[in-house]
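Spelled out, the chains give:
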Amino acid sequence: MSIDVHNETDHRVDERALVSLAQFVYAAMRVHRGADLAITLVDEAAMERLHVQWMDLEGPTDVMSFPMDELRPGREGERLQEGVLGDIVLCPSVAERQAVTAGHSTQEELLLLTTHGLLHLLGYDHAEPDEEREMFELQSRLLLDYLGGRAGA
């Protein structure tokens, strides 16, 4: 399995926790453990460039996902598909502001955003109300299960 984290910022981030979370989501969503994933942390200027280039939206955002092989969650008894899951780009300074508003740590916000990004890579979206409800409920469940497992570790 290749889950790589590249921190291109000055923010201190628990990169091992991001990898551990990704491994947890892989298992929960039945993603082939050999699926490649890159998580890159960038500053606001770099995130804004990506946001404008790919979404035609001004300003930095918190997370962007770039799927590669369009892998989808596996089903029971199904052979898991190998390939490149894709890239997640996080902006720690935006995450930090959101964390203050939400009342939790920046690391917790980065875990939430990583989960969100992984679900996008797996084909989930939140453009429609039903999609949003499904994606955000799954995101919450995955994150709570992961954090609950870490607390017991």
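The structure this text deals with has already been given above.
This section reports on the structure supplied with the text. (Residues numbered from 1 in each chain as written. Predicted model: local features only at pLDDT ≥ 70, side-chain atom pairs only at ≥ 80, totals over all residues. Heavy atoms only, no water.)

1. Digging into the overall build of the protein
Phase 1: Looking only at helices and strands, one finds five helices and four strands in the protein.
Phase 2: Its C-alpha atoms give the protein a radius of gyration of 15 Å, near enough to 15 Å, the size a compact globule of 153 residues would have.
Phase 3: Seen through its principal axes, the protein has C-alpha atoms that stretch 45 × 40 × 35 Å.
Phase 4: Across the 153 residues of the protein, 42% fall into the buried class.
Phase 5: Counting contacts in the protein only where the partners sit at least 6 residues apart, residues at least 24 apart contribute 64% of the total. (Helix = DSSP H or I, 4+ residues; strand = E, 2+ residues; numbered from the N terminus. Rg over C-alpha atoms; globule rule 2.2 N^0.38 Å. Buried < 20%, exposed > 50% of the residue type's maximum accessible area, 1.4 Å probe, protein only. Contact = heavy atoms within 4.5 Å.)

2. Digging into the packing of aromatic side chains
Phase 1: Evaluation of the coordinates by the stated rule reveals two aromatic pairs.
Phase 2: Ring geometry for Trp 54 versus Phe 66: centroids 5.7 Å apart, planes at 70 degrees, classification edge-to-face. One end of the pair, Trp 54, is in helix 2 (residues 44-55); the other, Phe 66, is in strand 3 (residues 63-67), and twelve residues separate them in sequence. (Phe/Tyr/Trp six-rings, centres within 6.5 Å; stacked < 30°, edge-to-face > 60°.)

3. Focus on a nonpolar patch on the surface
Phase 1: Side chains of Trp 54, Met 55 and Leu 57 sit close together on the surface and give an oily, nonpolar patch of about 340 Å² of accessible area.
Phase 2: Positionally, Leu 57 belongs in the loop between helix 2 and strand 3.
Phase 3: Given a relative accessible area of 41%, Leu 57 falls into the partly exposed group. (Patch = residues over 30% accessible without salt bridge, like charges linked within 9 Å, V, L, I, M, F, W, Y side chains within 5 Å. Areas by Shrake-Rupley, 256 points an atom, 1.4 Å probe, with all protein chains shown as cover. Salt bridge = Lys/Arg side-chain N within 4 Å of Asp/Glu carboxyl O.)

Read these as geometric descriptors, not functional statements.
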